[in-house]
Amino acid sequence: MRSVRELPIGFYGAVMGLAGLGLTARSAASLFPGVFRAPAYFTELWVALGALALLVLLPAYALKLVRYPKAVKEDFTNPVQMGFCGALPVGMSLVAGGVGPYWPFLGDVLWWAAFGLLLAFQAWALVRWLSGGIELAQVNAGWLIVIVVGIVLPGPGIALGHVEASRFAFGVSAAAAALLVPLLLFRAVLGPPLPEVLRPSWFILLVPPSLVYANGLALYPDFGFLENLFYFSLVLAVALLGYSRKFWRWQFGVPWWAFTFPLDALAYAAARYAQDHPGALWKAVAGATLLLATAFVVMLLWRTLRSAASRRG
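Everything in this summary refers to the structure shown in the same document. Note that the structure is a prediction, hence the values are computed from the model and not measured.

## A few points about the overall build of the chain
Point 1. Tallying secondary structure elements over the chain gives 13 helices and 0 strands in all.
Point 2. Along its sequence from the N terminus, the chain presents helices and strands in the succession α-α-α-α-α-α-α-α-α-α-α-α-α.
Point 3. Radius of gyration (C-alpha) of the chain: 18 Å, near the 20 Å computed for a compact globule of 313 residues.
Point 4. Along the first, second and third principal axes, the C-alpha set of the chain runs to 50 × 40 × 40 Å.
Point 5. In the chain, of all internal contacts separated by at least 6 residues, the share reaching a separation of at least 24 is 77%.
Point 6. Taken together, the 21 basic and 12 acidic charged side chains of the chain have centroids lying 12 Å from each other.

Written as structure tokens, this is what we have:
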């Protein structure tokens, strides 16, 4: 039971990384005919793995809530890790988009549950921050997960027919991004370096420009100026890859899944841009970002399974 007590809320980042890769590959399938199709072995493999991860983690964390409520309270109140609580509803929304074509009712249930949980977690996070007592060293990019990643929900939400609710979630989180991202950059420049195990969380900075662009245009097709955010996301990705060039030397942990879903978001935005701007260059960018996202998801899945096996041994 000790392992359940120590199950971090951030483990739902694995659901986001796996299911997010599947949905990204679906969106990119039309760019690469003959390479993979949607639905197909590649796209649906990651959707299925994301659904499986959610199926395993939901009852496990529910058991933690029942047996160790103080440990769960710590997950939601500790400034260092509280942002990662948003990974639960966002992971649910991505799985909803994955299973929706096969089981629409299940997709709807999961998406609405994700919508409600995310709003509740966002309100709680604001209450916690307004209460004060947080040091600059405790501020981290994981906060983006709970406050800003409502911009993820329109991807599966539009496909499931929940356009108005998607606009609501998108609007709340896009507005919050304008407030939180400057704080995170201030912390990065003037605060102490993040502990090694948390350094992958800087990749979450990719999510706002990538998905405000991609899902913003899906909701508001006339907002072509949002394409500027995609250009910024490409430059930011290069900077983050340079920052993490020796990442394999960092201490491994659950926050490493923060590498995956931001790269999924970047690849999703690149696929959207290549579809709107046909040409060899942007198709190559879409392919390269999808390969990069896939490589990190495969690496993290392998390292997580290997770490779990070694602990059992």
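## Structural notes on helix H2 (residues 12-28)
Point 1. Over its 17 residues, H2 runs 24 Å from end to end, which matches the ideal 24 Å to within 8%, given 1.5 Å per residue.
Point 2. When you tally the buried positions in H2, you get 16 out of 17 residues, the bulk of the element.

## Some words on the packing of helix H3 (residues 41-67) against helix H5 (residues 87-99)
Point 1. In the contact formed by H3 and H5, the axes pass within 9 Å of each other and the chain directions differ by 135 degrees. By the angle between their axes, H3 is oblique relative to H5. Here the hand of the crossing between H3 and H5 comes out left-handed. The segment H3 lies against H5, with Val47, Gly50, Ala51, Leu54 and Leu58 engaging Leu88, Met92, Val95, Gly98 and Val99.
Point 2. Among the residues making up the contact of H3 with H5, the classes are represented as 8 nonpolar, 2 polar and no charged.

## Considering helix H6 (residues 104-130)
Point 1. An ideal rise of 1.5 Å per residue puts 39 Å on 27 residues; H6 measures up with 39 Å between its terminal C-alpha atoms.
Point 2. The set of residues buried in H6 consists of Gly107, Leu110, Trp111, Ala114, Phe115, Leu118, Phe121, Gln122, Ala125, Arg128 and Trp129.
Point 3. In this fold, the buried residues of H6 make contact with H3, helix H4 (69-77), H5, helix H7 (143-147), helix H8 (154-159) and helix H9 (163-190).
Point 4. Just downstream of H6 lies Gly132, where phi reads positive at about 80 degrees.

Criteria and thresholds
- Residues numbered from 1 in each chain as written.
- Predicted model: local features only at pLDDT ≥ 70, side-chain atom pairs only at ≥ 80, totals over all residues.
- Heavy atoms only, no water.
- Helix = DSSP H or I, 4+ residues; strand = E, 2+ residues; numbered from the N terminus.
- Rg over C-alpha atoms; globule rule 2.2 N^0.38 Å.
- Contact = heavy atoms within 4.5 Å.
- Lys, Arg positive; Asp, Glu negative; His and termini not counted.
- Charge placed at Lys NZ, Arg CZ, Asp CG, Glu CD.
- Expected span 1.5 Å × (residues − 1).
- Buried < 20%, exposed > 50% of the residue type's maximum accessible area, 1.4 Å probe, protein only.
- Axes fitted to C-alpha atoms, helices over the stretch in contact; angles between N-to-C directions.
- Parallel < 35°, antiparallel > 145°, perpendicular 65-115°, else oblique.
- Left-handed = near helix turned anticlockwise from the far one by under 90°.
- Nonpolar A, V, L, I, M, F, W, Y, C, P; charged D, E, K, R; others polar.

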